[in-house]
Amino acid sequence: MPVHAASTSGALMVTHVRPNAAGADVKDGKQVNLNGEYFVIKNVTTKTVNTGGYVPDITTNTYGRALPSYSLPAKAKAYVHTGSGTNRKESSGSHHIYRGYGRHVLLNTSTAKNPDLRLKKPGSADNNAAVGTISSCNWNTAADGKTYAC
């Protein structure tokens, strides 16, 4: 059962996470379906927010890669994918931001820390500490291809 993020102390909030992309993570020795692993952020303000610099801190690992610059409109949500792609808004209205990792980074089983993912304000350290946290999410053991509400 995920812990629900009732609020945020910043402009962005983590609303959902899919930590375990559907299917195998590795096929023929190569990482596959990296963009099937993602979390969703929502701009909770009435203004456009630049996502650049916000730090997704996966609390059992340190990856050190802040979100790229992307103008997320007021009240809009964006899928933040693990793999590579072009940051964009689809014709359906969905926003997509890509982190550019060459491997899966969200944990499939994670009971050692709480929360499993913190979103920190720009300039915060990716150091597994709570300082700078504006929103968080926990999913414990993730089912294959399941998206969890935070």
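About the cut-offs
Residues numbered from 1 in each chain as written. Predicted model: local features only at pLDDT ≥ 70, side-chain atom pairs only at ≥ 80, totals over all residues. Heavy atoms only, no water. Phe/Tyr/Trp six-rings, centres within 6.5 Å; stacked < 30°, edge-to-face > 60°. Helix = DSSP H or I, 4+ residues; strand = E, 2+ residues; numbered from the N terminus. Buried < 20%, exposed > 50% of the residue type's maximum accessible area, 1.4 Å probe, protein only. Lys NZ or Arg CZ within 6 Å of the ring centre and 35° of its normal. Disulfide = S-S within 2.5 Å. Pairing = 2+ DSSP bridges. Axes fitted to C-alpha atoms, helices over the stretch in contact; angles between N-to-C directions.

(A) Summary view of the packing of aromatic side chains. A full pass over the atoms with the stated rule returns one aromatic pair. Judged by centre distance (5.2 Å) and plane angle (75 degrees), the ring pair of Tyr38 and Tyr79 falls under edge-to-face. Of this pair, Tyr38 sits in strand β4 (residues 38-43) while Tyr79 sits in strand β8 (residues 77-81), and the two are 41 residues apart along the sequence. For Tyr38, a relative accessible area of 9% corresponds to the buried category. Its relative accessible area of 29% is what places Tyr79 among the partly exposed residues. For Arg65, the ring lying beneath its charged end belongs to Tyr101, and the centroid distance is 4.1 Å.

(B) Spatial organisation of the state of the cysteines. According to the stated counting rule, one finds one disulfide in the structure shown. A sulfur-sulfur distance of 2.1 Å marks the disulfide that ties Cys137 to Cys150. Every disulfide takes its handedness from the sign of the S-S torsion; for Cys137 and Cys150 that torsion is -85 degrees, giving left-handed. Within this pair, whereas Cys137 is found in strand β12 (residues 133-137), its partner Cys150 is found in the segment after β13 (148-149), the two being separated by 13 residues in sequence.

(C) Fine view of the sheet that holds strand β6 (residues 55-58). In spatial order, the strands read β6-β11-β12; together these three strands make up an open sheet with antiparallel pairing. Each edge of the sheet is formed by a strand with only one pairing partner; in this case those strands are β6 and β12. Averaged over all adjacent pairs, the angle separating strand axes in this sheet is 25 degrees, with direction ignored. Note: strand β11 (residues 117-120) against β12, four bridges, orientation antiparallel.

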